[in-house]
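Here is how the chains run, residue by residue.
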Protein chains: 2
Amino acid sequence: MKITLNGKRACLRVWKMVFPGFLIACLIAAAVVLLQATEPPVQKTMTMAEIVAAAKAEDWRAIDPENTLYMELAGGRVVIELAPAFAPRHVANVKALAREHYYDGLAILRVQDNYVVQWGDPEVDNPQKARKIQRAEKTLAAEFDRAIDAKIPFTLLPDGDVYAAEVGFSDGFPVARDKNNGRMWLTHGYGMVGAGRGDTSDSGGGAEIYVVIGQAPRHLDRNITLFGRVVQGMELLSSLPRGSGPMGFYEKPEQQVPVKSIRVAADVPIAERSDLEVMRTDSDTFQRLVESRRNRPDAWFLFKAGRVELANVPIPVRKKAGKSGTL
Amino acid sequence: MKITLNGKRACLRVWKMVFPGFLIACLIAAAVVLLQATEPPVQKTMTMAEIVAAAKAEDWRAIDPENTLYMELAGGRVVIELAPAFAPRHVANVKALAREHYYDGLAILRVQDNYVVQWGDPEVDNPQKARKIQRAEKTLAAEFDRAIDAKIPFTLLPDGDVYAAEVGFSDGFPVARDKNNGRMWLTHGYGMVGAGRGDTSDSGGGAEIYVVIGQAPRHLDRNITLFGRVVQGMELLSSLPRGSGPMGFYEKPEQQVPVKSIRVAADVPIAERSDLEVMRTDSDTFQRLVESRRNRPDAWFLFKAGRVELANVPIPVRKKAGKSGTL
């Protein structure tokens, strides 16, 4: 019994000594179990470069050669992806113009700083010398916006917009929409491509084309038809000398930059194509990219914005998997 | 009497004929009086160009030569207005660097498309060859933001902002502010000038300088010290060839663009100065300009945005009144 007593006493003494530690251990174990149950697996926040590098094959889509233009300049090739979901008539007409070689030998006529580059026929106002449009349409009805449609993807950006009710991405294009009036439209931002027009809405058709080279000129939204986006070669346009005339027009013909040709990619021999893929903007990977732009994980960023504006979200483009070469 | 009766009858008959016309005339007269009483004098909505042309002398302020830098490139002069109200230490240090001719013969090292141009010492990482800073500070504590102060002007823009609680203008500079934390700061947009830094907040000081040449990179706000704005010569920077290395650095030394010199305008002979005036952003004329950007009165605009984003409001600059030449 003594032993038992002793035993009991000893046992109790040991228990009194051990108990606080045991209690702490139990609490820690419980906390660990709880944390494991409620917290997702710890994942280092990735930078955009890491997200793009880790993207899976299904996060990319090839650009359709039938909806791709190659503009050839002395400095290299500008690749434009067309947006038939938003401007079907303009896309068809620009392809028709390219297929009758309308653009070949025309020129970049206007480079307005922080605004647009524009090309067309230098002789457009001279009936004797102006290039004739053969089979394509000279002008078209406007395609400034379109009806919202469940078949047209829309990936919402979370941080709002100064100009539109909602903004986001649709199949690799920046877009805005307004559920109140049931409309959606491509938005003006860096590299977006549109059809120049005169004062009336139906005075453009693709014979004159402009590309945005500066701060997103969102006041142009719903005023002019956008029909595509430059996916490669922007620097060939953005670094051109600025025109010194009104609206950035070159004042002397010798300043104009020749357009060697514009072709539909499907008409170019396969070996000469720039096979590109665009990140799917409806993918989880793109969502992670957006988040990495809202809160930059890079060590350099001491303050995280926590927000991102439409025109500050890059839409990654890469050389098609398995193809040699880089962008 | 007959005459009277006849007269009465004739009078009545005439009145019956005249009355409807009289009534209409009375109604028109009343409507005109009412309209004159309730409508302000009709005023044609002016375009930005018309507003700038009609601005009065007091709508402009001369730029202080003591707070102006001239960067001389082979292509011409870039004029930078400094912002001592927001970055007093950086402004003082950049002026000290200019006054010891630190920048003369350095080079533009980096041109990243749709982002920044950056210049500094090509040999900065080579202790043997790096240029020595003589009297100026090598690095400074950050000036990412400052306290809101009733003495610092703030002209609010009405349409909100994706990144900040409030945005507007302060003495010709784009700014944001947050009354909740009592801070205000210069914002990143086209032509804004800042001091490059490494990973720590106090690793910059003005020896490396960058200028924004693309979409407003607002994620840099409060991460790096802005200290000025290019008021003339942006096209000399924005049209430079893009660097093909990481982050747009030129890969070969011969691609770098020499900086001939940077001077404080006050140190330049008066005859050689670019005397410029900036529109006062606290003037009624500037308010009208903002409104003309929210709702473009130009016939070309078929859809009025009714809104404007900070980086889409131009801050007009002109050659000082009475001086020959134009911008």
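These figures come from a predicted structure and were not determined experimentally.

1. Focus: the interface of chain B and chain A
Interface size is often expressed as the accessible area that is lost when the parts come together.
Link 1 in the chain: Listed per partner, the contact involves 44 residues of chain B and 44 residues of chain A.
Link 2 in the chain: A buried area of about 3,900 Å², summed over both sides, lies between chain B and chain A, and 53% of it is on carbon and sulfur atoms.
Link 3 in the chain: Together, Val162(B), Gln215(B) and Trp300(B) form the three largest contributors to the area buried by chain B at its contact with chain A, with a combined 20%.
Link 4 in the chain: On inspection of chain B and its partner chain A, the count reaches 0 salt bridges.

2. Notes on helix 5 (residues 284–294) of chain B
Link 1 in the chain: For helix 5 of chain B, the full list of buried residues reads Thr285(B), Phe286(B), Leu289(B), Val290(B), Ser292(B), Arg293(B) and Arg294(B).
Link 2 in the chain: Those residues of helix 5 of chain B hidden inside the fold are in contact with helix 2 (48–54), strand 8 (166–170) and strand 16 (276–279) of chain B.

3. Brief notes about the relation of the copies chain B and chain A
Link 1 in the chain: Superposition of chain B onto chain A requires a rotation of 180° combined with a translation of 0.0 Å along the rotation axis, giving an RMSD of 0.0 Å. The two molecules are tied by a two-fold rotation axis, judged by turn and shift.
Link 2 in the chain: The overlap is high: 100% of the interface residues of chain B also sit at the interface in chain A, so the same surface is used on both sides.

4. Observations concerning the sheet that holds strand 17 (residues 317–319) of chain A
Residues and elements named next belong to chain A.
Link 1 in the chain: Spatially, 1-16-17 is the arrangement adopted by the 3 strands of the open sheet, whose pairing is antiparallel. Each having just a single partner strand, strand 1 (60–62) and strand 17 make up the two edges of the open sheet. In this sheet, neighbouring strand axes are inclined to one another by 35° on average, regardless of whether the strands run parallel or antiparallel.
Link 2 in the chain: Where strand 1 and strand 16 (residues 276–279) come together, 3 bridges link them in antiparallel fashion. What sits directly across from Ala62, in strand 16, is Glu277.

5. A closer look at the pairing of strand 4 (residues 107–111) of chain A
Residue and element names in this part refer to chain A.
Link 1 in the chain: Most of strand 4 sits out of view: 5 of its 5 residues are buried.
Link 2 in the chain: Relative to strand 5 (residues 116–120), strand 4 is paired through 4 bridges, and the arrangement is antiparallel. Pairing of Val111 across the sheet is with Val117, part of strand 5.
Link 3 in the chain: From the end of strand 4 to the start of strand 5, which pair antiparallel, there are 4 residues, and Asn114 there has a positive phi angle of about 60°.

6. Regarding the packing of aromatic side chains
Link 1 in the chain: In this structure the tally under the stated criterion is 6 aromatic pairs over all chains.
Link 2 in the chain: When the ring of Tyr102(A) is compared with that of Tyr103(A), the centres are 5.5 Å apart and the planes differ by 75°; the resulting orientation is edge-to-face. Note on accessibility: Tyr102(A) and Tyr103(A) belong to one class, buried.
Link 3 in the chain: Ring geometry for Trp300(B) versus Phe301(B): centroids 5.0 Å apart, planes at 80°, classification edge-to-face.
Link 4 in the chain: Above the ring of Tyr70(A), the side-chain terminus of Arg77(A) is found at 3.9 Å from the ring centroid.
Link 5 in the chain: Above the plane of the ring of Trp185(A) lies Arg222(A), whose end atom (NZ or CZ) is 3.8 Å from the centre.

7. A closer look at the sheet that holds strand 5 of chain A
Residues and elements named next belong to chain A.
Link 1 in the chain: Strand order in the open sheet made by the 9 strands is 14-4-5-12-11-13-3-2-15, with antiparallel pairing throughout. Edge strands, defined here as strands with exactly one partner in the open sheet, are strand 14 (257–258) and strand 15 (261–264).
Link 2 in the chain: Note: strand 3 (residues 76–82) against strand 13 (residues 225–232), 4 bridges, orientation antiparallel. Following the sheet pairing, Glu81 is matched in strand 13 by Arg229.
Link 3 in the chain: Sitting on the sheet, helix 3 (residues 88–99) touches strand 2 (68–73), strand 3, strand 11 (192–195), strand 12 (209–212), strand 13 and strand 15, and the angle it makes with strand 15 is about 120°.

8. Things to note about unusual backbone geometry
Link 1 in the chain: Positive phi outside glycine occurs at Asp171(A), with the angle close to 55°.
Link 2 in the chain: Classification of Asp171(A) by relative accessible area gives partly exposed; the value is 41%.

9. Remarks on the confidence of the model for chain A
All names here are of chain A.
Link 1 in the chain: Of all residues in chain A, 85% have pLDDT values of 70 or greater, and the mean over the chain is 90.
Link 2 in the chain: Overall, residues 1–15 carries pLDDT values under 50, and its contacts beyond four positions in sequence, including any with other chains, amount to 7 contacts.
Link 3 in the chain: Across the predicted assembly, pTM comes out at 0.86 and ipTM at 0.86.

10. Looking at the side chain of Gln118(B)
All names here are of chain B.
Link 1 in the chain: Structurally, the position occupied by Gln118 is in strand 5 (residues 116–120).
Link 2 in the chain: Residue Gln118 is classed as buried on the basis of its relative accessible area, which comes to 10%.
Link 3 in the chain: A distance of 2.6 Å separates a polar atom in the side chain of Gln118 from a polar atom in the side chain of Glu208.
Link 4 in the chain: If sequence neighbours within four positions are ignored, Gln118 has contacts with Ala107, Ile108, Leu109, Arg110, Glu208, Ile209, Tyr210 and Phe249.

11. Focus on the environment of Val264(B)
All names here are of chain B.
Link 1 in the chain: Mapped onto the fold, Val264 is located in strand 15 (residues 261–264).
Link 2 in the chain: Exposure remark for Val264: the relative accessible area of 1% places this residue in the buried category.
Link 3 in the chain: Linking Val264 and Glu100, residues 164 residues apart in sequence, is a C-alpha distance of 11 Å.
Link 4 in the chain: Excluding residues that lie within four positions of it along the chain, Val264 makes contacts with Pro65, Glu66, Thr68, Leu69, Lys95, Ala98 and Arg99.

12. With respect to the environment of Ser274(B)
Link 1 in the chain: Its place among the elements puts Ser274(B) in the loop between strand 15 and strand 16.
Link 2 in the chain: Ignoring anything within four residues of it in the chain, the contact list for Ser274(B) reads Tyr70(B), Arg77(B), Val79(B), Gln232(B) and Lys319(B).

13. Digging into the pattern of salt bridges
Residues and elements named next belong to chain A.
Link 1 in the chain: The tally for this structure, following the rule as stated, stands at 40 salt bridges over all chains.
Link 2 in the chain: When the shortest N-O distance is used, the salt bridge between Arg218 and Asp161 registers 2.9 Å. Placement of Arg218 in the loop between strand 12 and strand 13 and of Asp161 in the loop between strand 7 (155–156) and strand 8 (166–170) is noted, with a sequence separation of 57 residues between them.
Link 3 in the chain: Judged by its relative accessible area of 5%, Arg218 falls in the buried class.
Link 4 in the chain: We note a salt bridge from Arg177 to Glu166, for which the minimum N-O separation is 2.7 Å.

Rules of the game
Residues numbered from 1 in each chain as written. Chains lettered and ligands numbered in written order. Predicted model: local features only at pLDDT ≥ 70, side-chain atom pairs only at ≥ 80, totals over all residues. Heavy atoms only, no water. Contact = heavy atoms within 4.5 Å. Buried area = accessible area lost by both parts, 1.4 Å probe. Salt bridge = Lys/Arg side-chain N within 4 Å of Asp/Glu carboxyl O. Buried < 20%, exposed > 50% of the residue type's maximum accessible area, 1.4 Å probe, protein only. Helix = DSSP H or I, 4+ residues; strand = E, 2+ residues; numbered from the N terminus. Least-squares fit on C-alpha atoms with pLDDT ≥ 70 in both. Pairing = 2+ DSSP bridges. Axes fitted to C-alpha atoms, helices over the stretch in contact; angles between N-to-C directions. Phe/Tyr/Trp six-rings, centres within 6.5 Å; stacked < 30°, edge-to-face > 60°. Lys NZ or Arg CZ within 6 Å of the ring centre and 35° of its normal. pLDDT = per-residue confidence, 0-100. Polar contact = N/O pair within 3.5 Å; in protein donor to acceptor, adjacent residues only side chain to side chain.

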